[in-house]
Amino acid sequence: DAPLFATSYVIVRDGSTLDNSISPGLQMYVDSTASVGPHLYQINAGNVCTLSQPDTTSGERLGPPELPTGFTVSVDSCNGIHLRWNDTATEDFFVVLRDGISQDTLVSGNTEFDDLTVDAGVDYNYCVYGINECGDGPDVCANGMRAETPPQVLGLTVTTDLCDGALLVWQDLDGELFYHIYRD
């Protein structure tokens with residue numbers, strides 16, 4: 001009597017049967033319904049008698065990069081706008097957008113970007129997202145602004161009739177952080 005060989009294969013993922021009628025001539029199976037993350041797989045050979053003992057292994061379905069965290073955008077730099085975020089470890093590249101337009105594509109591990117081409121006093125919207133072979137990850141967005149040079153101080157007057165010093169008076173500006181006063 002000739003021994004009975006496998007007439008089909010049964011594929012199991014995480015304890016649930018995916019397919020129980022795989023032809024014996026096939027040597028691969030694409031699990032397109034697996035969720036992103038790790039899974040435990042088993043394959044059994046079957047014939048009219050029974051199923052074989054399973055061969056078991058683990059595998060993981062990759063997904064697009066995760067959301068970058070810790071995203072900050074400067075609002076007080078005099079030279080431009082500085083962006084910083086945390087690495088997701090699942091991206092191949094980061095894309096930096098300003099007002100919806102790509103500004104740069106950075107290789108994995110680069111988590112800072114300086115935009116030195118912006119106008120002072122204009123509010124810009126920045127977004128960053130990771131990309132890998134599985135697609136684009138979600139973006140994180142925030143607004144930033146390059147600090148403006150304050151306007152000229154006007155109305156400076158100096159008293160000339162004090163014995164113990166000179167009194168300087170000027171018009172107050174909105175949004176100034178400090179004044180420099182020079183003599184001679």
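Check the entry above for the structure.
For the structure given in this document, a descriptive report is provided here. (Residues numbered from 1 in each chain as written. Predicted model: local features only at pLDDT ≥ 70, side-chain atom pairs only at ≥ 80, totals over all residues. Heavy atoms only, no water.)

### Here we look at the sheet that holds strand 6 (residues 81-84)
Right, on to step 1. If you trace the 3 strands from one edge of the open sheet to the other, you get 5-6-9, paired in antiparallel fashion. Since the sheet does not close on itself, it has two edges, and those belong to strand 5 (72-73) and strand 9 (112-115), each with one partner. (Pairing = 2+ DSSP bridges. Helix = DSSP H or I, 4+ residues; strand = E, 2+ residues; numbered from the N terminus.)

### Remarks on the pattern of salt bridges
Right, on to step 1. Inspection of the entire model under this criterion finds 3 salt bridges.
Right, on to step 2. Of the charged contacts in the structure, one is a salt bridge between R84 and E112, with a shortest N-O distance of 3.5 Å. Separated by 28 residues along the polypeptide, R84 in strand 6 and E112 in strand 9 bring together distant segments of the chain. (Salt bridge = Lys/Arg side-chain N within 4 Å of Asp/Glu carboxyl O.)

### Things to note about the nonpolar core
Right, on to step 1. Within the largest apolar cluster, 14 residues are counted, with the highest numbers of intra-cluster contacts made by F71, I81, L83, W85, V96, Y126 and V128.
Right, on to step 2. Secondary-structure elements contributing two or more residues to this core are strand 6, strand 7 (93-98) and strand 10 (123-132).
Right, on to step 3. Residue contributions to this core peak at 3 residues, all from strand 10.
Right, on to step 4. When sequence neighbours within four positions are dropped, the list of residues in contact with W85 reads P68, T69, G70, F71, F94, V96, L106, N110, T111, E112, F113 and V128. (Core = buried A, V, L, I, M, F, W, Y, C linked by side-chain atoms within 4.5 Å. Buried < 20%, exposed > 50% of the residue type's maximum accessible area, 1.4 Å probe, protein only. Contact = heavy atoms within 4.5 Å.)

### Describing unusual backbone geometry
With the exception of glycine, most residues fall at negative phi, and the peptide bonds are largely trans.
Right, on to step 1. The backbone of A89 sits at a positive phi, close to 70°, despite the residue not being glycine.
Right, on to step 2. With respect to the helices and strands, the residue A89 is situated in the loop between strand 6 and strand 7.
Right, on to step 3. Residue classification places A89 among the exposed positions, given a relative accessible area of 68%.
Right, on to step 4. Although it is not a glycine, D99 adopts a positive phi angle of roughly 50°.
Right, on to step 5. With relative accessibility at 44%, the residue D99 sits in the partly exposed group.

### Regarding the pairing of strand 2 (residues 16-22)
Right, on to step 1. The pairing of strand 1 (residues 8-13) with strand 2 spans 4 bridges and is antiparallel. Looking at strand 2, one finds that I11 is bridged to D19.

### Regarding the side chain of N44
Right, on to step 1. By secondary structure assignment, the location of N44 is in strand 3 (residues 37-46).
Right, on to step 2. By relative accessible area, which is 9% here, N44 ends up buried.
Right, on to step 3. Here S52 takes part through its backbone oxygen, which lies 2.9 Å from a polar atom of the side chain of N44. (Polar contact = N/O pair within 3.5 Å; in protein donor to acceptor, adjacent residues only side chain to side chain.)

### Some words on the side chain of D31
Right, on to step 1. When you line up the elements, D31 lands in the loop between strand 2 and strand 3.
Right, on to step 2. With relative accessibility at 13%, the residue D31 sits in the buried group.
Right, on to step 3. At a separation of 2.6 Å, a polar atom in the side chain of D31 contacts the side chain of R13.
Right, on to step 4. A polar contact is formed between the side chain of D31 and the side chain of Y41, at a distance of 2.7 Å.
Right, on to step 5. The residues contacting D31, other than those within four sequence positions of it, are R13, L18, Y41 and R61.

### A closer look at the packing of aromatic side chains
Right, on to step 1. Summed over the entire model, instances satisfying the criterion amount to 4 aromatic pairs.
Right, on to step 2. Plain terms: the ring middles of W85 and F94 are 5.5 Å apart, the flat faces sit at 70° to each other, and that makes the pair edge-to-face. Note on accessibility: W85 and F94 belong to one class, buried.
Right, on to step 3. Three or more aromatic residues joined by ring pairs make a cluster, and in this case those are F71, W85 and F94. (Phe/Tyr/Trp six-rings, centres within 6.5 Å; stacked < 30°, edge-to-face > 60°.)

### Comments concerning the pairing of strand 3
Looking along a regular strand, one sees the side chains alternate between the two faces of the sheet.
Right, on to step 1. Across 6 bridges, strand 1 lies against strand 3 in antiparallel orientation. Opposite I11, over in strand 3, you have I43 as the bridge partner.

Note that every value here comes from positions in space, so none of it alone points to a role or purpose.
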